[in-house]
Amino acid sequence: MKPFRFGINARDARSRAEWQDKARKIEALGYSTLMVPDHLWPVLAPIPALVSAAAATTTLRVGTNVINNDLRHPVVLAREAATVDLLTDGRLELGLGAGYVRSEYDQAGLRFDRGGVRVERLAESLTIVKELLRGAEVNFAGQHYRVAGHKIHPLPIQRPHPPIMIGGNGPRLLTLAAKEADTVNFTGITFARGGTEHDMSAWKVPAIDERMRLVREAAGERFDSLELSAQIQRVIATDNRRQTAEELVKTWPQLTAEEILESPYVLIGTLDEMVEALHARRERWGLSYFVTFDPLLEALAPIVARLAGK
Amino acid sequence: MKPFRFGINARDAGSRAEWQDKARRVEGLGYSALMVPDHLAAMLAPIPAAVSAAAATKSLRVGTNVLNNDFRHPVLVAREAATADLLSDGRFELGLGAGHMRSENDQAGLPFERGGVRLERLAEAVAIIKGLLGGAEVTFVGQHYRVTGHTIHPGPVQRPYPPIIIGGNGPRLLTRGGWGPRTSACGSCEKPPVRESKSSS
């Protein structure tokens, strides 16, 4: 069983001072990682933001959650990841995803292929990125990329490569993650129709069991070395879990209050109840890494204080 | 007459400590800027290296000399430049070039177009990047890029945008007027001129 660790998805700041204060606070509260998403929204660009966060801290790990594979060529991505790892003294965790928000593609004039093609492209990219980070001279001829006799230098500090996290919810992506990633991040939500519709059905316990079975099967022998994480959407301290969950049904009408309480994507209750819930989720599903968003960093902090590293 | 200033193109380091020591030395010697090239060769990746150099120094300007326009989409370049400028307290200089080494494009499986096409693409990219860094909602329909209703936030510290350096040696690149519709529309506003550096990357 892996020790608990916690991460924050941080997205924005108005100045260098504010961003670096946020990074120091996340480190001081006991979080393991600060991660930056990669959207064409009002958020910082991840690569420079990570370097700046690491420069303001001493042990905090920094990561992407997640790089949209379609926004960068894998050769460029591998080079940037290696430099970030080198210049953060080996603190990078490289999160990759297939991209899912159609409006971003439309704005940038990029073709939004169907999910299967985007995942296939991510798989090719992942092969190239891993081999380059390892120090190999890469020759690759795929459906989407062609690399001829390329190698990168300097290499990352973490060998053979910085931990790779793949986040998503669909079976194709989770299968790829199980086979190739170091951390599989269960995001829980399927953003259908180019990101405009939220399908919450994967929050239900049977759907999670099914995804875990899929990941275990696809991972085979490497399953025990995989780290499994879940992306938490709400942290609500309350003496009345039931009532809080019933109120949340208004937000997520696809779910019952009971289903919300059982889902690993929320934490609701007293501190003891939340701590107990995380133990139960690790026992049942092997989830040991929990990631949430920066507005919740104070709310999750008491739990981090109790469980980080345990 | 502009005052003299000097910059160093720095490319490599074996560790964070070595890289940041180099940045402090460049600053200590009175250089204005530390710049990082963008080649698929044995050197650091420019944007993270520039941010790390800024983190180790106080007033040194940091930049790219130059980003190969063919390696990144201009929307991404604008976003990364804005973040690099914000997180270096306004010390970023964005150098852009059209790309010139066929072997790099070959290695990455990218088509290497003739110079005129690469230059045309750079001109379109510059127009998009300037518009985005300037805070505009950009809609652009070119031969090479199509951007629809995109804005970036947070923007850079330097307004309207960080200095843009265009580096090269060919007459088309050095003499080309305008650099896209947004530049030519800018004669009467306070946007800084495009700096055309004759040093080759």
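Scroll up a little and you will see the structure.
Residues numbered from 1 in each chain as written. Chains lettered and ligands numbered in written order. Predicted model: local features only at pLDDT ≥ 70, side-chain atom pairs only at ≥ 80, totals over all residues. Heavy atoms only, no water.

So, the overall build of chain B
Part 1 of the argument: The helix and strand tally for chain B stands at seven helices and nine strands.
Part 2 of the argument: Looking at chain B as a whole, 57% of its 201 residues qualify as buried.
Part 3 of the argument: Partitioning the intrachain contacts of chain B with sequence separation of at least 6 by distance along the chain shows that 72% fall at a separation of at least 24.
Part 4 of the argument: Accessible surface, chain B as shown: approximately 8,500 Å² in total, 51% of it carbon and sulfur. (Helix = DSSP H or I, 4+ residues; strand = E, 2+ residues; numbered from the N terminus. Buried < 20%, exposed > 50% of the residue type's maximum accessible area, 1.4 Å probe, protein only. Contact = heavy atoms within 4.5 Å. Areas by Shrake-Rupley, 256 points an atom, 1.4 Å probe, with all protein chains shown as cover.)

A closer look at the pattern of salt bridges
Pairs can form between side chains of opposite charge once their charged atoms are near each other.
All names here are of chain A.
Part 1 of the argument: According to the stated counting rule, one finds 29 salt bridges over all chains in the structure shown.
Part 2 of the argument: Put simply, arginine 14 and glutamate 18 hold a salt bridge, and the shortest N to O gap is 3.1 Å.
Part 3 of the argument: Note that aspartate 70 and arginine 121 form a salt bridge whose closest N and O atoms lie 2.8 Å from each other. In this pair, aspartate 70 is assigned in the loop between strand E4 (67-68) and helix H3 (74-87) and arginine 121 in helix H5 (residues 115-134), connecting sequence segments 51 residues apart.
Part 4 of the argument: The exposure class assigned to aspartate 70 is buried, which follows from its relative accessible area of 16%.
Part 5 of the argument: Relative accessible area serves as the criterion here: at 10%, arginine 121 is assigned to the buried category. (Salt bridge = Lys/Arg side-chain N within 4 Å of Asp/Glu carboxyl O.)

Details of the interface of chain A and chain B
Part 1 of the argument: Each side of the interface is counted separately: chain A has 44 residues, and chain B has 43 residues.
Part 2 of the argument: When chain A packs against chain B, the two sides together hide about 3,500 Å² of surface, and 61% of this comes from carbon and sulfur.
Part 3 of the argument: Our count for the chain A to chain B interface comes out at four salt bridges.
Part 4 of the argument: Between Arg72(B) and Glu80(A) there is a salt bridge whose closest N-O contact spans 3.2 Å.
Part 5 of the argument: For the side of chain A that touches chain B, the per-class residue count stands at 24 nonpolar, 11 polar and nine charged. (Buried area = accessible area lost by both parts, 1.4 Å probe. Nonpolar A, V, L, I, M, F, W, Y, C, P; charged D, E, K, R; others polar.)

Comments concerning the environment of Ala136(B)
Part 1 of the argument: Here Ala136(B) is to be found in the loop between helix H5 (115-133) and strand E6 (138-141).
Part 2 of the argument: Expressed as a C-alpha distance, the spacing of Ala136(B) and Gly149(B), which sit 13 residues apart in the sequence, is 9.2 Å.

Digging into the environment of His100(B)
All names here are of chain B.
Part 1 of the argument: Structurally, histidine 100 is set in the loop between strand E5 (92-97) and helix H4 (102-107).
Part 2 of the argument: The partly exposed category is assigned to histidine 100, whose relative accessible area is 44%.
Part 3 of the argument: A C-alpha to C-alpha distance of 9.9 Å links histidine 100 and histidine 39, two positions 61 residues apart in sequence.

A look at the pairing of strand E6 (residues 138-141) of chain A
Along a regular strand, successive side chains alternate from one face of the sheet to the other.
All names here are of chain A.
Part 1 of the argument: Going residue by residue along E6, you find Val138 and Phe140 tucked away on one face and Asn139 and Ala141 left uncovered on the opposite face.
Part 2 of the argument: One ladder, built from three bridges, connects E6 with strand E7 (residues 146-150); its direction is antiparallel. Considered in E7, the bridge of valine 138 is made with histidine 150. (Pairing = 2+ DSSP bridges.)

Considerations on the packing of H5(A) against helix H6 (residues 171-180) of chain A
To describe two helices that pack against each other, one gives the angle between their axes and the distance between the axes.
All names here are of chain A.
Part 1 of the argument: Look at H5 against H6: their axes get within 10 Å of each other, and the N-to-C directions meet at 15 degrees. For the element pair H5 / H6, the angle class is roughly parallel. Note on packing geometry: the crossing formed by H5 with H6 is right-handed. Contacts from Gly115, Gly116, Val119, Leu122, Ala123, Leu126 and Lys130 of H5 reach H6 at Arg172, Leu173, Leu176 and Glu180.
Part 2 of the argument: In terms of residue class, the contact of H5 with H6 is made up of six nonpolar, two polar and three charged. (Axes fitted to C-alpha atoms, helices over the stretch in contact; angles between N-to-C directions. Parallel < 35°, antiparallel > 145°, perpendicular 65-115°, else oblique. Left-handed = near helix turned anticlockwise from the far one by under 90°.)

Describing the pairing of strand E9 (residues 183-186) of chain A
Residue and element names in this part refer to chain A.
Part 1 of the argument: Residues of E9 alternate between two faces, with Thr183 and Asn185 on one and Val184 and Phe186 on the opposite face, all of them buried.
Part 2 of the argument: Bridge count for strand E8 (residues 164-168) against E9 is four bridges, and the pairing is parallel. Note on E9: the bridge partner recorded for glycine 167 is asparagine 185.
Part 3 of the argument: Handedness of the crossover joining E8 and E9 through H6 is recorded here as right-handed.
Part 4 of the argument: Inspection of the sheet shows E9 paired to strand E12 (residues 227-231) by four bridges, in the parallel sense. Within the sheet, the bridge partner assigned to phenylalanine 186 lies in E12 and is alanine 230. (Right-handed = clockwise from strand over helix to strand, strands pointing away.)

Considering the layout of surface pockets
Over the atoms, a rolling probe the size of a water molecule traces out where space has been left empty.
Part 1 of the argument: Counted as a void, the largest pocket has a volume near 1,100 Å³.
Part 2 of the argument: Listing elements by their share of the lining of the largest pocket, those giving two or more residues are E4, H5, E8, H6, strand E10 (190-191) and helix H7 (192-195) of chain A.
Part 3 of the argument: Class assignment for the residues of the lining of the largest pocket results in 19 nonpolar, 21 polar and six charged.
Part 4 of the argument: Lining the second largest pocket are 28 residues, and of these Asp70(A), Leu110(A), Asp70(B), His73(B) and Leu110(B) sit closest to its centre. (1 Å grid on protein atoms, 1.4 Å probe; cavity = no way out; pocket = protein on both sides within 12 Å on 5 of 7 lines; lining within 4 Å. Points joined across faces, edges and corners; volume = space filled by probe spheres on them.)

Quick notes on helix H8 (residues 205-219) of chain A
Residue and element names in this part refer to chain A.
Part 1 of the argument: The end-to-end C-alpha distance of H8, which contains 15 residues, comes to 21 Å, matching closely the 21 Å that a straight helix rising 1.5 Å per residue would cover.
Part 2 of the argument: For H8, the set of buried residues is Val205, Ala207, Ile208, Arg211, Met212, Val215 and Ala219. What you see down the axis of H8 is that its buried residues fit within an arc of 160 degrees, all on one side. For H8, exposure combined with an orientation more than 90 degrees from the buried face picks out Pro206 and Glu217. (Expected span 1.5 Å × (residues − 1). Arc of directions from axis to C-beta.)

Notes on helix H12 (residues 297-307) of chain A
An α-helix turns once every 3.6 residues. As a result, residues three or four positions apart point the same way.
All names here are of chain A.
Part 1 of the argument: Among the residues of H12, those classed as buried are Leu297, Leu300, Ala301, Ile303, Val304 and Leu307.
Part 2 of the argument: Lining the buried residues of H12 we find strand E1 (5-9), helix H1 (16-28), strand E13 (234-237), strand E14 (266-269), helix H11 (271-285) and strand E15 (287-293).
Part 3 of the argument: At the C-terminal side of H12, glycine 309 shows a positive phi close to 85 degrees.

A look at the packing of aromatic side chains
Residue and element names in this part refer to chain A.
Part 1 of the argument: This model, assessed by the stated rule, comprises eight aromatic pairs over all chains.
Part 2 of the argument: Relative to phenylalanine 290, the ring of phenylalanine 4 has its centre 6.4 Å away and its plane inclined at 35 degrees; by these criteria the two rings are tilted. Residue phenylalanine 4 is found in the segment before E1, and its partner phenylalanine 290 is found in strand E15; the two are separated by 286 residues along the sequence. For the pair phenylalanine 4 and phenylalanine 290, one class covers both residues: buried.
Part 3 of the argument: Arranged with centres 4.7 Å apart and planes meeting at 25 degrees, the rings of tyrosine 100 and phenylalanine 191 form a pair that is stacked. Within this pair, whereas tyrosine 100 is found in the loop between strand E5 (92-97) and helix H4 (102-108), its partner phenylalanine 191 is found in strand E10, the two being separated by 91 residues in sequence.
Part 4 of the argument: Assessed through its relative accessible area of 26%, phenylalanine 191 is described here as partly exposed.
Part 5 of the argument: Counting every residue linked through ring pairs, the aromatic cluster contains Phe4, Phe6 and Phe290.
Part 6 of the argument: Over the face of the ring belonging to phenylalanine 4 we find arginine 282, whose NZ or CZ atom lies 3.8 Å from the ring centre. (Phe/Tyr/Trp six-rings, centres within 6.5 Å; stacked < 30°, edge-to-face > 60°. Lys NZ or Arg CZ within 6 Å of the ring centre and 35° of its normal.)

Everything listed here is a matter of geometry and, on its own, says nothing about what the molecule does.
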